[in-house]
Amino acid sequence: MGALLKAAADPVATQNPQGDDVDRFHAQRVAQMLERIGGAWPYLWATLGQENEILADALGVEPEDGGPLAENRRLLELAEHTMATTDDVDARRRLRTALAEAAHLQRAALRAGRQAR
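Overview of the structure. The structure presented is a predicted model; accordingly, all values stated were derived computationally and were not measured.

## Thoughts on the overall build of the protein
Here comes step 1: A tally of regular secondary structure across the protein gives four helices and zero strands.
Here comes step 2: Considering the protein as a whole, with its 117 residues, one finds that 28% of them fall into the buried category.
Here comes step 3: Restricting to contacts in the protein with at least 6 residues of sequence separation, those with at least 24 account for 52%.
Here comes step 4: Accessible surface, the protein: about 7900 Å² in total, of which carbon and sulfur atoms supply 55%.

The structure is reproduced here in structure tokens:
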């Protein structure tokens, strides 16, 4: 999927050479996003399991089968519910720390994708 996204960037950038400056600017931005997402795609998938482990540990739950993306959604929904309903200061702190760690992994994956271009 990452390779397909990267390959789509060039045609998007050059699809409307007669368009006005705004059209060309938007096409260039979309092409840039496709290239960046495509480059980061394999790294993002590789880190998803790590993110899930961090979140499950902070939430004190066991991982479930069903694929890493479904698990990530489940954990993020549980995190949102926990933050909205708990009065346990330590639980909220653990969860905020886990979310920050997960965000750090995502940023590192995006940086790795940019460097892989």
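## Thoughts on the packing of aromatic side chains
Here comes step 1: Within this structure, the stated rule accounts for one aromatic pair.
Here comes step 2: Relative to tryptophan 45, the ring of tryptophan 41 has its centre 6.0 Å away and its plane inclined at 65°; by these criteria the two rings are edge-to-face. In this pair, tryptophan 41 and tryptophan 45 both sit in helix H2 (residues 21-59), four residues apart, roughly one turn of the helix.
Here comes step 3: Classification of tryptophan 45 as partly exposed rests on a relative accessible area of 38%.

## Quick look at the pattern of salt bridges
Here comes step 1: This structure, assessed with the given rule, holds four salt bridges.
Here comes step 2: Note that arginine 74 and glutamate 64 form a salt bridge whose closest N and O atoms lie 3.5 Å from each other. In this pair, arginine 74 is assigned in helix H3 (residues 68-85) and glutamate 64 in the loop between H2 and H3, connecting sequence segments 10 residues apart.
Here comes step 3: Note on glutamate 64: relative accessible area 46%, which makes it partly exposed.
Here comes step 4: By sharing partners, the salt bridges in this structure join Glu64, Glu71 and Arg74 into a single network.

## Describing a positive patch on the surface
Here comes step 1: A grouping of Arg29, Arg36, Arg107, Arg111 and Arg114 is seen on the molecular surface, where their side chains present a positively charged patch.
Here comes step 2: Elements that contribute at least two residues to the positive patch include exactly H2 and helix H4 (89-115).
Here comes step 3: No other element matches the three residues that H4 contributes to the positive patch.
Here comes step 4: Inspection of the secondary structure assignment puts arginine 114 in helix H4.
Here comes step 5: Using a relative accessible area of 38% as the deciding quantity, one classes arginine 114 as partly exposed.

## As for the packing of H3 against H4
Two packed helices can be described by the angle between their axes and the distance between those axes.
Here comes step 1: Interaxial distance between H3 and H4 falls to 10 Å at its minimum, and their mutual angle equals 145°. Judged by the twist between their axes, the crossing of H3 over H4 is left-handed. Counted together, Leu76, Ala79, Thr82 and Met83 of H3 and Arg92, Leu95, Arg96 and Leu99 of H4 form the full contact between these two elements.
Here comes step 2: Broken down by class, the residue content of the contact of H3 with H4 amounts to five nonpolar, one polar and two charged.

Calculation rules
- Residues numbered from 1 in each chain as written.
- Predicted model: local features only at pLDDT ≥ 70, side-chain atom pairs only at ≥ 80, totals over all residues.
- Heavy atoms only, no water.
- Helix = DSSP H or I, 4+ residues; strand = E, 2+ residues; numbered from the N terminus.
- Buried < 20%, exposed > 50% of the residue type's maximum accessible area, 1.4 Å probe, protein only.
- Contact = heavy atoms within 4.5 Å.
- Areas by Shrake-Rupley, 256 points an atom, 1.4 Å probe, with all protein chains shown as cover.
- Phe/Tyr/Trp six-rings, centres within 6.5 Å; stacked < 30°, edge-to-face > 60°.
- Salt bridge = Lys/Arg side-chain N within 4 Å of Asp/Glu carboxyl O.
- Patch = residues over 30% accessible without salt bridge, like charges linked within 9 Å, V, L, I, M, F, W, Y side chains within 5 Å.
- Lys, Arg positive; Asp, Glu negative; His and termini not counted.
- Charge placed at Lys NZ, Arg CZ, Asp CG, Glu CD.
- Axes fitted to C-alpha atoms, helices over the stretch in contact; angles between N-to-C directions.
- Left-handed = near helix turned anticlockwise from the far one by under 90°.
- Nonpolar A, V, L, I, M, F, W, Y, C, P; charged D, E, K, R; others polar.

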